[in-house]
Amino acid sequence: MLKNLIPMSPLKHAMTAFFFWYIAFFAMIPYYFNTRLRLLLILYANLYQSDKNLNRMAINLFNTKIGLALGGGAAKGVAHIGVLKALKEANVEVDCIAGTSVGAMIASLYAFNVDIDTIGNLARRLTMSKVTSFKLNKTGFFSTDSMKDLMIEYLGEVNIEDAKIPLAIVATDINSGEEVILRTGCVAQAVCASAAIPGIYIPVVIGDRKLVDGGLVQNVPIETLKPMGAGVTIASHLSSVSHYSEPSNVLDVMRNAFEIALSHHTQDQLDAADIVISMDLSAFSLRDNTERYDELFRIGYDATKQQLTKLSWYHQSNLLLYPWRVLKEFAPFKIPTILRRIAFKSKNSLSRY
């Protein structure tokens, strides 16, 4: 509780009430704010409902940097492109970006200012056969050489630290089990490491580490965004349901088993995100969706638009209720009954929208 964090003198009660009414007033005239600040106000109105987020709210109140996390999901990653398109149309400027597996691939392209149509052209080629090379080894059946060549084709031999938008790529050290956040070094090699499903792909050696799919530790890398300076975090999650694609071969079975293993800890990690864009993509293949590109793109696009619209209208209208809750909780005087009735009627009226 806020009153446990700060001793609430009458002056602080008054300042708290003034502050939240001030925000509520300006929330009614959103055209006076840029999109980023409006989004921040909406998010913190939502955060105020939960006591466990009050510390986070106080710390990040004036941090408007937006971080985007793109999760893993193999060929279903086309949906991320729809997410990026919707955010761009809504003028949501991404200040830092992190990705795991296919999310690392798309995040890398976006971080180097590759336009969304060009990313789409790459995604239309995104099949397992195009990004894998058979290479029987003690530690896997396939190498990621083809994936590396594809990234170099679109980006050249660039390093993570040179990205136009701060970029992080998540992988897992297969020897220690540690999460490895790659912020420097070759982009193509880092993407390969982040997407190297253990048991299927040969681990990628970077430095003295053998790295595999980052989904083992952080399939949607929300936690990675905070150290990068993000105050508002958005997660694009490709596996929001508890059923999976129909397997047609042994690789599909192994991939589904991997997805199932990831799903439990991923849900816990998503709790840290301010906005979660979740999609049911169980009808799509993990290996090849080239013939269904438009469908996947549209799902990502529509899911993002719906989430932003819901937050923009529902929480802006309800923002007026939060100062009331703060005042009722912390005010050093008894709230008159007539004001309680007004607030109750306002709440009922707003809930119809």
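Caption draft 1: Representation of the pattern of salt bridges within the structure. According to the stated counting rule, one finds six salt bridges in the structure shown. With its nearest N and O atoms 3.5 Å apart, the salt bridge here joins E89 to K305. In this pair, E89 is assigned in helix α5 (residues 78-89) and K305 in helix α12 (residues 293-318), connecting sequence segments 216 residues apart. What you see here is one network of salt bridges that share partners, running through D173, E178 and R209.

Caption draft 2: Expanded view of the packing of aromatic side chains. Taken as a whole and assessed by the stated rule, the structure comprises three aromatic pairs. A centroid spacing of 6.4 Å and a plane angle of 55 degrees characterise the contact between F142 and Y201, whose relative ring orientation is tilted. With a gap of 59 residues between them, F142 in strand β4 (residues 140-143) and Y201 in the loop between α9 (187-195) and β7 (204-206) connect regions that are remote in the sequence. Judged by relative accessible area, which is 4%, Y201 ranks as buried. Ring centres 6.3 Å apart and planes at 15 degrees place the aromatic pair F297 and Y301 in the stacked group.

Caption draft 3: α5, seen in detail. Between its first and last C-alpha, α5 extends 18 Å over twelve residues, near the 16 Å set by a 1.5 Å rise per residue. Burial runs high along α5: nine of the twelve residues are buried. Within the sequence span of α5, burial applies to V78, A79, H80, I81, G82, V83, L84, A86 and L87. Once α5 finishes, N91 follows within two positions and takes phi at roughly 60 degrees, a positive value.

Caption draft 4: Examining a nonpolar patch on the surface more closely. Among the surface-exposed residues, F134, L136 and F141 lie close enough to one another that they form a single nonpolar patch of about 360 Å² accessible area. Here F141 lies in strand β4. Owing to a relative accessible area of 38%, F141 belongs among the partly exposed residues under this scheme.

Caption draft 5: Summary view of the environment of M279. Relative to the assigned elements, M279 resides in the loop between β10 (275-278) and α12. Sequence separation between M279 and L238 is 41 residues, and the spatial gap between their C-alpha atoms is 5.5 Å.

Caption draft 6: Up close: the confidence of the model for the protein chain. On average, residues of the protein chain score 76 in pLDDT, and 63% of them reach the 70 mark or higher. Looking at the elements of the protein chain, mean pLDDT is at its lowest for helix α1 (residues 2-5), recorded as 38, and at its highest for strand β5 (residues 167-173), recorded as 98. Long-range and interchain partners of residues 27-33, a stretch whose pLDDT sits below 50, account for eight contacts in this model, where long-range means more than four residues apart. Note that residues 48-59 has pLDDT below 50 and, in this model, 23 contacts with residues that lie over four places away or in other chains.

Caption draft 7: How the structure looks around helix α7 (residues 116-123). Every buried residue belonging to α7 is among I116, I119, G120, L122 and A123, and all of these are buried. Viewed along the axis of α7, the buried residues span an arc of 160 degrees, placing them on a single side of the element.

Caption draft 8: Focus on the nonpolar core. The biggest cluster of nonpolar side chains holds 70 residues, and the ones touching the most others in it are I97 and L167. When residues in this core are grouped by element, the largest group, eight residues, is from helix α6 (residues 102-111). Those residues in contact with I97, other than ones at most four positions away along the chain, are L68, L70, A107, Y110, A111, I165, P166, L167, A168, L225 and M228. With twelve residues, the next largest nonpolar core counts A69, A168, M228 and L270 among its residues.

Caption draft 9: Molecular detail of unusual backbone geometry. Here S101, not a glycine, exhibits a phi torsion of approximately 60 degrees, which is positive. Summarising the element assignment, S101 is placed in the loop between β2 (96-100) and α6. A relative accessible area of 4% places S101 in the buried class. Although it is not a glycine, N113 adopts a positive phi angle of roughly 60 degrees. For N113, the position within the fold is in the loop between α6 and α7. A relative accessible area of 52% places N113 in the exposed class.

What counts and what doesn't
- Along each chain, residues carry numbers from 1 onward, in the same order as the chain's sequence is written.
- Only residues with pLDDT of 70 or above have their local features reported here, since the model is predicted, and side-chain atom pairs are shown and tallied only from 80 upward, although totals for entire chains, interfaces and linings are computed over all residues.
- Computation of side-chain values covers all heavy atoms of the structure but excludes hydrogens and water.
- When a carboxyl oxygen of Asp or Glu is within 4 Å of a side-chain nitrogen of Lys or Arg, the pair counts as a salt bridge.
- Segments assigned H or I by DSSP are reported as helices when at least four residues long, segments assigned E as strands when at least two residues long, and all are numbered from the N terminus.
- Two rings belonging to Phe, Tyr or Trp (six-membered ring only in the last case) form a pair when the distance between their centres is within 6.5 Å. Interplanar angles under 30 degrees mark stacking, angles over 60 mark edge-to-face geometry, and anything in between is tilted.
- Per-residue accessibility, obtained with a 1.4 Å probe over protein chains only, is compared with the maximum for each type, and a residue is labelled buried under 20%, exposed over 50%, and partly exposed between these values.
- The span expected for a helix works out to 1.5 Å for each residue beyond the first.
- Only residues whose relative accessible area exceeds 30% and that form no salt bridge enter a patch; like-charged residues are grouped when within 9 Å of one another, and nonpolar side chains (Val, Leu, Ile, Met, Phe, Trp, Tyr) when within 5 Å.
- Accessible surface is estimated by sampling points in the Shrake-Rupley manner with a 1.4 Å probe; for residues, cover comes only from the protein chains shown.
- Per-residue confidence from the predictor is given as pLDDT, running between 0 and 100.
- Throughout, a residue-residue contact means that at least one pair of heavy atoms, one from each residue, lies within 4.5 Å.
- The directions from the helix axis to the C-beta atoms are what the arc is built from.
- We define the nonpolar core as a collection of buried residues of types Ala, Val, Leu, Ile, Met, Phe, Trp, Tyr and Cys that are connected through side-chain atoms lying within 4.5 Å of one another.

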